[in-house]
Amino acid sequence: MFYEKKLNEELLKQNNIQFSCDFKNVKNQDIIFICVPTPNDKNNQIDLSYIKSVIDSIYKYLKNGVLLCIKSTVIPGSTLSIKKLLQKKNPKLKFHIACVPEFLKEGSALEDFLNPDRIICGVEDERSKELLTKLYNNSDKLFFTSINDAEMIKYASNSFLSLKVAFINELANLCEKSNCDINLVSLGMGLDKRIAPYFLNASIGYGGSCFPKDSTALNSFAKKKKVNLSILNASIKSNQNRVKLICKNILEFNVKNIAIFGCSFKANTDDIRYSQAILLIEELLKNNVKITLHDPKALNNAKKYFANKIAYKQDFYECFKNQELAVFLVPWSDYKNANLDKIHSLMQKPNIYDTCNLFTKENLNKFYYKKMGGGYNQW
Ligand SMILES: NC(=O)c1ccc[n+]([C@@H]2O[C@H](COP(=O)([O-])OP(=O)(O)OC[C@H]3O[C@@H](n4cnc5c(N)ncnc54)[C@H](O)[C@@H]3O)[C@@H](O)[C@H]2O)c1
């Protein structure tokens, strides 16, 4: 279970939601959503075993006319393969199947759920369309497609966003060598409506349970179909290389005691799955540095992951004490309001590496600092 702002409070207010672990409860349902994990196997092919195990658990209880919606992210062809599986298990059952991919973002899941940009529904008959139109209250965000198209839209969207991130990150490397500031460059680019300002913040790279998994799954799917997605392939490699590059930048400070701020895969979540920050800490540990970690929400998950390999501080300012370098990896908004004078007085050496551009050059001028995508001082 992950931290998600407002979710607990809002769910507790509702009186029309029930939770159950008993599969028999699907018996009277008209519409069923399957939202279980779809990880990649060791060959980066999609693993449908969780969905298949749900089918195993529910096929006996489904009523005629039920609409089964696959909400999990699945590669084109998967929903129809699940349809075949259910037909085989329960040949007498009359059912409809749809692919309704999820586009919410962790960290703003509730907001995204209540106010989606679009609701993609891949259907194969009028009855499914009718049921989903009613379920979503005839929303003007509904967009009906074939099942295969809906499956592809989900992968194409995540993969395209990962391209944007990888592109701006490589551009940040160039800005650092060209006396440019990536913040201003991405702001200027984003003013063009065709480009849009989103997903243009230079960073240590994308992570989490979706982008790396989905971009590699689409890439493997394309290879299987003998289609070369060379741009996606390059962006996956670029993101993977980023960990080594940021690690090298940190080691160039030439210090032993490092305070790291942020380890979740992005701000506003405690999810550390496939977090670049976690990979980076692992890389740093190979270089015999001593790490003390702070994160507003993800510290408990990090403790389970690293155990006693690193130190942890719950208190933000405590984490700077006796440190020779502070590295900000995740743009938590709490960090933006930090008292930099206090931080300066607490550190043994006032070195800062701001990989998420939380602070301005002016605010950092007392420090020896490096900023992502341009900006450094006496360093
Ligand atoms: N996390 C996201 O931001 C996000 C966004 C969009 C789409 N997705 C997609 O949604 C799917 C789920 O991702 P997630 O991050 O929520 O995964 P998750 O691992 O956090 O949660 C999945 C849930 O499925 C349950 N589950 C697993 N196997 C089950 C089974 N056999 N029977 C019943 N329940 C079972 C687990 O208990 C868990 O509650 C994936 O396909 C993912 O790609 C995730």
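Our subject is the structure that appears above.
This report concerns the structure included in the present document. Computed from a prediction, not measured in an experiment: that's the story for all the values here. (Residues numbered from 1 in each chain as written. Predicted model: local features only at pLDDT ≥ 70, side-chain atom pairs only at ≥ 80, totals over all residues. Heavy atoms only, no water.)

Attention now goes to the site of the ligand. Around the ligand, 19 residues are found, and the nearest of them are Thr38, Ser53, Thr73, Glu106 and Lys213. Between the ligand and threonine 73 there is a distance of 2.9 Å, counted from an oxygen atom to a backbone nitrogen or oxygen. At a separation of 2.8 Å, an oxygen atom of the ligand approaches a polar side-chain atom of lysine 213. Against a free-state accessible area of 830 Å², the protein chains account for coverage of 65% of the ligand. Split by residue class, the shell around the ligand holds nine nonpolar, five polar and five charged. (Near = heavy atom within 4 Å. Polar contact = N/O pair within 3.5 Å; in protein donor to acceptor, adjacent residues only side chain to side chain. Areas by Shrake-Rupley, 256 points an atom, 1.4 Å probe, with all protein chains shown as cover. Nonpolar A, V, L, I, M, F, W, Y, C, P; charged D, E, K, R; others polar.)

Within the largest apolar cluster, 58 residues are counted, with the highest numbers of intra-cluster contacts made by Ile250, Ile260, Phe261, Cys263, Leu293 and Phe328. Here this core takes five residues from helix H10 (residues 276-285), the largest share from any one element. Discounting residues that sit within four places of it in the chain, cysteine 263 has contacts with Ile272, Ser275, Ala277, Ile278, Ile281, Leu293, Asp295, Ala298, Ala302 and Val330. With 34 residues, the next largest nonpolar core counts Ile34, Val74, Tyr206 and Phe211 among its residues. (Core = buried A, V, L, I, M, F, W, Y, C linked by side-chain atoms within 4.5 Å. Buried < 20%, exposed > 50% of the residue type's maximum accessible area, 1.4 Å probe, protein only. Helix = DSSP H or I, 4+ residues; strand = E, 2+ residues; numbered from the N terminus. Contact = heavy atoms within 4.5 Å.)

All right, on to the packing of aromatic side chains then. In total, this model carries 15 aromatic pairs according to the counting rule given. Taking 6.0 Å as the distance between ring centres and 35° as the angle between the ring planes, the aromatic pair formed by phenylalanine 253 and tyrosine 353 counts as tilted. Note that phenylalanine 253 is positioned in the loop between helix H9 (230-251) and strand E6 (257-261) and tyrosine 353 in strand E10 (residues 351-354), a separation of 100 residues in sequence. Comparing phenylalanine 253 with tyrosine 353 shows no difference in burial state: the two are buried. Cation over ring: lysine 297 sits above tyrosine 3, and NZ or CZ is 4.5 Å from the ring centre. Directly above the aromatic system of tyrosine 317 lies the positively charged group of lysine 342, at a separation of 4.2 Å from the ring centroid. (Phe/Tyr/Trp six-rings, centres within 6.5 Å; stacked < 30°, edge-to-face > 60°. Lys NZ or Arg CZ within 6 Å of the ring centre and 35° of its normal.)

Those residues of helix H7 (residues 182-190) lying buried are Ile182, Ser186 and Gly190. Around the axis of H7, the buried residues are gathered within 65° of arc, so they sit on the same side. Structural note: H7 exposes Leu184 and Leu187 on the side pointing more than 90 degrees away from its buried face. Lining the buried residues of H7 we find helix H6 (147-177). (Arc of directions from axis to C-beta.)

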